[in-house]
Every structure is written in structure tokens, then in C-alpha cells.
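Below, each chain spelled out in residue letters.
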Amino acid sequence: MNASAEQRRLAALARYQIMDSPGEAAFDDITTLATRYLQTPIALVSLLDDQRQWFKSRVGLDVCETPRDLAFCAHAIRADQLLVVENANEDPRFRDNPLVTGEPHICFYAGMPVHSAEGYPLGTLCVIDRQPRTLDAQQRDTLIRLAGLVEQQLRLRLQLLEGQEREMALSEQKALNASLLESMMVGVVACDAKGQLTLINRTARDWHGVDILDVPPEHWWRYYDLYHSDEVTPLAADQVPLWRALSGEQLTAVSFCIAARGQPVRHLQASGGPLYDAEGRFKGAMVAMLDITERRQIEQMKSRFIATVSHELRTPLTSISGAIALLLGGAGGDLPEAGRRMLGIAQDNTQRLQALINDLLDIERLESGLLPLKLSVQPLLPLLQRAIDSNQLYAERFNVSLVLLPPSAELHLICDAERLLQVMDNLLSNAAKFSHAGDSIVVDCRVIDDQVQVQVTDQGVGIAMEQQSRLFQRFFQIDDSTSRKRGGTGLGLAISKELVERMGGSIGVDSQAGQGACFWFCLPLASSSDRGMP
């Protein structure tokens with residue numbers, strides 16, 4: 001056996017954790033049977049490590065181990081087959097061995113290797129006599145079969161050890177999971193399939209002010225002080241996030257609040273769902289809760305600030321814009337060319353500020369849910385024509401033409417007409433600003449499954465791939481210097497995305513740098529039954 005194979009054999013032996021272990025009746029029974037069936041005074045279960053042979057079981061011998069270099073069993077595992085030495089005194093391999101010349105005066109030896117589950121020889125079951133003798137075929141077969149019983153006991157031992165290790169690992173993992181749950185700043189609650197609460201971690205206990213209570217699910221809202229986000233209306237039993245998860249619902253960012261006695265109201269978002277084991281059996285439900293109280297307060301402060309500032313700016317800007325328009329219209333008499341040019345610059349910047357304020361107010365209303373949508377069935381072609389007409393003068397400022405390719409069939413979609421026009425205004429104005437003089441911007445549409453896709457395609461500067469993922473983020477502009485020169489707030493596409501998604505659609509872009517861009521959005525196609533919608 002080479003060094004590498006010996007290292008693997010020793011590693012296999014170590015896995016059994018058997019060296020120097022206490023005696024076991026199962027092994028002792030086998031050695032006792034060996035002495036009786038083979039009629040020898042000594043029988044051993046011998047295991048070899050790198051230094052010694054150690055006897056897991058022994059009959060007729062007082063010592064528990066011998067040096068490996070003296071062991072007959074070392075020869076047996078090297079040969080990896082039954083080894084029979086009928087007279088050691090006449091065998092040149094053993095006649096000078098101290099175990100032959102001295103105690104226990106071995107003369108006859110027969111050893112059958114016992115193997116690990118992987119087939120490595122770990123030691124032997126052997127029988128020894130102090131007189132020369134032989135083994136007939138039946139006796140050899142008996143020794144081989146008894147060695148097989150030793151192997152079975154070794155495998156049972158390994159299975160037991162592996163089971164204990166798995167149980168220990170599982171126990172340690174459970175303890176680690178419990179420690180992690182207790183240390184999390186997120187509240188976690190769980191129940192079994194019958195609705196019995198099984199887990200409320202430390203954070204959730206602190207929020208509720210109570211631990212696990214033995215109450216049925218229909219009373220959770222009352223005992224755990226659960227309310228809607230208005231802080232006044234109690235959650236109905238079937239609106240409690242854990243109840244909904246127990247009912248099979250998958251939850252994402254469900255808002256509610258805890259109004260525990262003696263504590264300030266805490267606003268939360270819950271996510272979770274039902275729990276199943278590896279075989280797919282329903283085991284209960286779990287919900288994780290994130291404290292959004294501070295974030296909610298910050299958002300409310302921001303909303304009030306934006307609304308106040310926007311209102312305070314809009315009134316004087318309206319007056320300024322009106323005054324400039326009157327002056328440019330001749331209300332103050334004839335103006336010199338330089339004065340008219342400066343008033344034109346002032347008017348452009350006033351309009352830009354008004355657009356920014358309107359965009360800020362739209363974003364705020366969208367975030368707070370105060371921008372109502374009036375969804376109805378609308379014919380698509382008239383809406384697209386209105387968008388083209390309202391943006392024609394703007395496109396002419398950049399020497400760009402707008403082209404509408406009418407659909408081959410009359411199409412109706414479900415949308416808010418005014419908000420769709422707002423989306424088209426954003427896409428067409430962007431296309432005009434980033435097109436080259438003399439270019440055409442093409443608007444067309446097509447049906448994809450149960451949706452209508454509207455495309456606005458330009459031949460302008462295009463958009464690099466690495467920038468496209470950020471296009472619909474607030475205040476993102478492709479290039480600051482270009483954006484300043486061509487105008488824009490960086491909010492138009494973000495507002496368009498919010499509006500399209502709230503109308504049940506999606507929005508995106510296909511582009512490469514220097515090769516123009518195709519902005520598109522999809523909205524639900526109205527079916528014949530939808531035509532009855534107001």
C-alpha cells in the first residue's frame with residue numbers, strides 16, 4: 001500500500017472514532033463465537049493506526065495493543081485477503097518476531113481483513129493458537145463470515161456517529177438561527193399550521209410589549225394592538241399580515257402600524273408568506289416586519305416642504321411670467337431689441353422653473369397617492385394625434401419634424417387620457433431636444449398579446465448601454481452639460497414611468513450611443529367587453 005493510499009486508510013479509520021473506545025458487547029460476541037467455532041484460545045478484533053495495533057475486542061489475551069511493526073495483522077491488510085500462518089516458528093516472516101519467541105507465543109495465526117464502507121482495510125478479525133494447526137474450508141468460510149459481521153458493526157457505528165453529528169449540527173444551527181433572530185433589528189413572527197404562535201423575536205416583543213400569547217388568530221389584532229396606517233382603524237382579523245400569510249398569501253411591503261399602550265405609534269411594513277417543508281407539506285407562516293416610522297416622518301416632512309416651497313414659488317412665478325408676456329406683447333410700449341432679447345431669456349427661464357415646480361408637485365402627488373387616475377377606454381389614434389399637434393411648435397425650435405404612422409386597425413386602450421398625453425409630451429420633447437437638425441421623430445404603435453405598444457423613435461445622439469438602467473431615476477440626466485444646454489429637469493422620465501405603471505403598463509428604451517433611441521411604453525388593450533367602460 002503506497003503512502004497516499006495509507007493516508008486515505010488512516011482517514012477512514014479516524015472517521016469511526018473507535019480507537020481507544022470502551023468495549024462493546026456486539027464485538028465481544030463475535031470474538032467469542034470465533035474461539036468456539038474455530039476452537040482457538042485467542043480471538044481478536046484488531047485495528048491498525050500508524051503506530052500500533054489496538055484490540056477493540058479480545059478473548060484469551062490480556063494486552064490491549066502491540067507495536068504495529070510486530071503485528072501479524074499488518075501483513076494481512078497489506079495482502080487484503082485471508083492470511084493463514086500454520087506454524088510461525090517455521091515461517092521466515094515471523095519466526096524471529098517477539099510475539100512468537102515470547103508472550104503470547106503465537107504459533108498459528110489466521111486473520112481476515114475488515115473494511116470500511118469505502119473498502120479500505122482497517123484491521124482484522126483474527127484467531128491465534130499456541131500450537132501449529134490448519135483451517136479446513138468450512139472454518140475459513142466461518143472466519144470470513146464473522147469478519148463480515150465485524151464490518152456490519154463498524155458501519156452501524158459510523159451511521160450512529162453521523163446521525164449524532166447531524167443532530168449536533170442541527171442543534172447548533174437552530175441555536176445560531178435563534179440567536180440571529182433575537183439580534184435582528186427586524187421584527188419576526190411565525191405560527192404553525194394551526195395558527196398557534198411559535199415565534200416572536202426580541203424586536204417584535206419590544207414593539208408589541210408582550211411575548212407569545214396563547215390566543216387564536218382571529219384575536220391577534222386585539223392582543224397585539226394592530227391598526228391600519230391611519231393609526232385609528234383596527235385591522236380586521238383577516239387583514240393581519242401573519243393571518244394573510246397563514247391563508248397562503250405572499251406578502252410584500254404591506255403597511256400597518258402598532259399602537260401598543262404606553263408606546264408611540266410604530267409604522268411597519270410586513271413581508272412574508274406560508275412555510276412548507278422539503279416534501280411540500282404546509283407547516284405554517286412567517287412574516288418579517290420593518291420599522292418605517294422614521295422614514296415615514298422624513299417623507300412627510302419632505303412632502304410638506306416641497307408642497308410649501310412649490311406653492312410659494314408658483315404664485316410669484318405666475319405673476320412674473322404674466323408680466324413678461326405683457327411686456328413682450330407691447331403693453332409697455334415698444335422695446336429695444338436688446339431688451340426684448342433679455343425678456344425672452346427671462347421668459348424661457350421662468351417657464352423652466354414652472355416646469356420644474358409642476359414636475360416636483362407631480363412626483364409628490366404620485367408618491368403620496370394623491371394623483372388620481374381616471375381609467376377609461378380611449379381610441380389610441382386621436383390621442384397620438386393630439387400629442388403630435390401639441391408638440392409640433394416645440395419640435396420646430398430644434399428644426400425637427402414629427403411623423404405619426406397610424407395603426408392599420410382601430411385600436412382602443414385602457415388609460416387616463418390626460419396622463420397618457422403627459423407621457424407622450426415627455427417622450428416627444430426629449431426626442432426633439434436630443435435629435436439633430438433636420439431629423440424626423442416617428443411615432444407608431446403595434447399590438448403585442450393583450451397590450452398596445454407605442455414607440456417614439458428618433459435619430460439623435462443615442463444612449464450608452466451603461467446609462468440606460470438609470471434613465472428612469474429621478475433627476476438623472478444623460479450628460480449634465482448637454483442637459484443644461486437643452487433644458488430639462490431630470491424628472492420627466494421618472495414621472496412617465498410612475499404614470500405608465502399605475503395605468504397597468506410598462507416603459508423602456510432601446511438604444512445605442514450615436515444611433516438614436518426608441519422609447520416605448522405598453523398599456524392594456526381594451527377588449528370588446530371593455531368598450532362599455534365609461
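Residues numbered from 1 in each chain as written. Predicted model: local features only at pLDDT ≥ 70, side-chain atom pairs only at ≥ 80, totals over all residues. Heavy atoms only, no water.

(A) Broad picture of the overall build of the protein chain. When its secondary structure is counted, the protein chain shows 15 helices and 19 strands. For the protein chain, whose C-alpha radius of gyration is 43 Å, the value lies well above the compact-globule estimate of 24 Å for 534 residues. Counting only C-alpha atoms and orienting by the principal axes, one finds that the protein chain spans roughly 140 × 60 × 50 Å. Put simply, the protein chain has 534 residues, and 43% of those count as buried. When contacts within the protein chain are restricted to residue pairs at least 6 apart in sequence, long-range pairs at least 24 apart make up 60% of them. When the accessible surface of the protein chain is split by element, carbon and sulfur atoms take 53% of a total near 28,200 Å². Charge separation in the protein chain, taken as the distance between the mean sites of 51 positive and 67 negative side-chain charges, equals 2 Å. (Helix = DSSP H or I, 4+ residues; strand = E, 2+ residues; numbered from the N terminus. Rg over C-alpha atoms; globule rule 2.2 N^0.38 Å. Buried < 20%, exposed > 50% of the residue type's maximum accessible area, 1.4 Å probe, protein only. Contact = heavy atoms within 4.5 Å. Areas by Shrake-Rupley, 256 points an atom, 1.4 Å probe, with all protein chains shown as cover. Lys, Arg positive; Asp, Glu negative; His and termini not counted. Charge placed at Lys NZ, Arg CZ, Asp CG, Glu CD.)

(B) How the structure looks around the environment of A437. Here A437 lies in the loop between α12 (417-433) and β16 (440-448). Sequence separation of A437 and N391 is 46 residues, and the distance between their C-alpha atoms is 16 Å. Ignoring sequence-local partners within four residues, the contact set of A437 consists of F398 and N399.

(C) Structural detail: the nonpolar core. M424, V443, V454, F519 and F521 are the most contacted members of the largest nonpolar core, which has 47 residues in total. With residues up to four places along the chain from it excluded, the contact list for F519 reads L427, V454, Q455, V456, I463, L471, F472, L493, G508 and V509. Counting 27 residues, the second-largest nonpolar core is a separate cluster that includes A43, L47, W54 and V127. (Core = buried A, V, L, I, M, F, W, Y, C linked by side-chain atoms within 4.5 Å.)

(D) Structural detail: the packing of aromatic side chains. Counted by the stated rule, this structure contains five aromatic pairs. Feature note: the residues F72, F94 and Y109 constitute an aromatic cluster, connected by ring pairs. Over the aromatic face of F108 sits the side chain of R133, whose NZ or CZ is 5.4 Å from the ring centroid. (Phe/Tyr/Trp six-rings, centres within 6.5 Å; stacked < 30°, edge-to-face > 60°. Lys NZ or Arg CZ within 6 Å of the ring centre and 35° of its normal.)

(E) Layout of the side chain of Q455. Topologically, Q455 is positioned in strand β17 (residues 451-457). When its relative accessible area of 14% is taken as the criterion, Q455 is described as buried. Within the structure, the side chain of Q455 is placed 2.8 Å from the side chain of Q453, a separation counted as a polar contact. Excluding residues that lie within four positions of it along the chain, Q455 makes contacts with V442, V443, D444, R446, C518, F519 and W520. (Polar contact = N/O pair within 3.5 Å; in protein donor to acceptor, adjacent residues only side chain to side chain.)

(F) Molecular detail of the pairing of strand β12 (residues 282-291). With six bridges connecting them, strand β7 (residues 187-192) and β12 associate as antiparallel partners. When the sheet's bridge partners are listed, V189 is paired in β12 with V287. Judged from the nine bridges that link them, strand β11 (residues 266-276) and β12 form a sheet pairing that is antiparallel. Paired with A270 across the two strands is M289, which belongs to β12. A loop of five residues connects β11 with β12, the two strands running antiparallel in sequence, and G280 in this loop sits at a positive phi of about 85°. (Pairing = 2+ DSSP bridges.)

(G) Representation of the sheet that holds strand β10 (residues 251-258). As summarised here, the arrangement of the six strands in space is β8-β7-β12-β11-β10-β9, forming an open sheet in which the pairing is antiparallel. Edge positions in the sheet fall to β8 (197-200) and β9 (226-227), since each of these pairs with one other strand and no more. Here six bridges tie β10 to β11, and the two strands are oriented antiparallel to one another. Across the sheet, I258 pairs through a bridge with R266, a residue of β11.

(H) A look at helix α1 (residues 3-15). With 13 residues, α1 should reach 18 Å at 1.5 Å per residue; the first-to-last C-alpha distance of 19 Å fits that figure. Three or more residues of α1 are buried, namely A5, E6, R9, L10, A12 and L13. Looking straight down α1, one finds that the buried residues subtend no more than 160° of arc, so they occupy a single side. Facing away from the buried side of α1, by more than 90 degrees, are the exposed residues A3, Q7 and A14. Positive phi shows up at Q17, right after α1, with a value of about 50°. (Expected span 1.5 Å × (residues − 1). Arc of directions from axis to C-beta.)

(I) View of the pattern of salt bridges. Scanning the entire structure with this criterion turns up 22 salt bridges. Between D91 and R93 there is a salt bridge, and its shortest N-O distance comes to 2.9 Å. Residue R93 is classed as partly exposed on the basis of its relative accessible area of 46%. When salt bridges with common partners are traced through the structure, they connect D20, D49, R52 and E65 into a single cluster. (Salt bridge = Lys/Arg side-chain N within 4 Å of Asp/Glu carboxyl O.)

(J) Examining the packing of α12 against helix α15 (residues 492-502) more closely. As a packed pair, α12 and α15 sit with axes 9 Å apart at the nearest point and diverge in direction by 145°. Taken as a pair, α12 and α15 cross one another with a handedness that is left-handed. Of the residues in α15, those touching α12 at R419, Q422, V423, N426, L427 and N430 are G492, L493, I495, S496, L499 and V500. (Axes fitted to C-alpha atoms, helices over the stretch in contact; angles between N-to-C directions. Left-handed = near helix turned anticlockwise from the far one by under 90°.)

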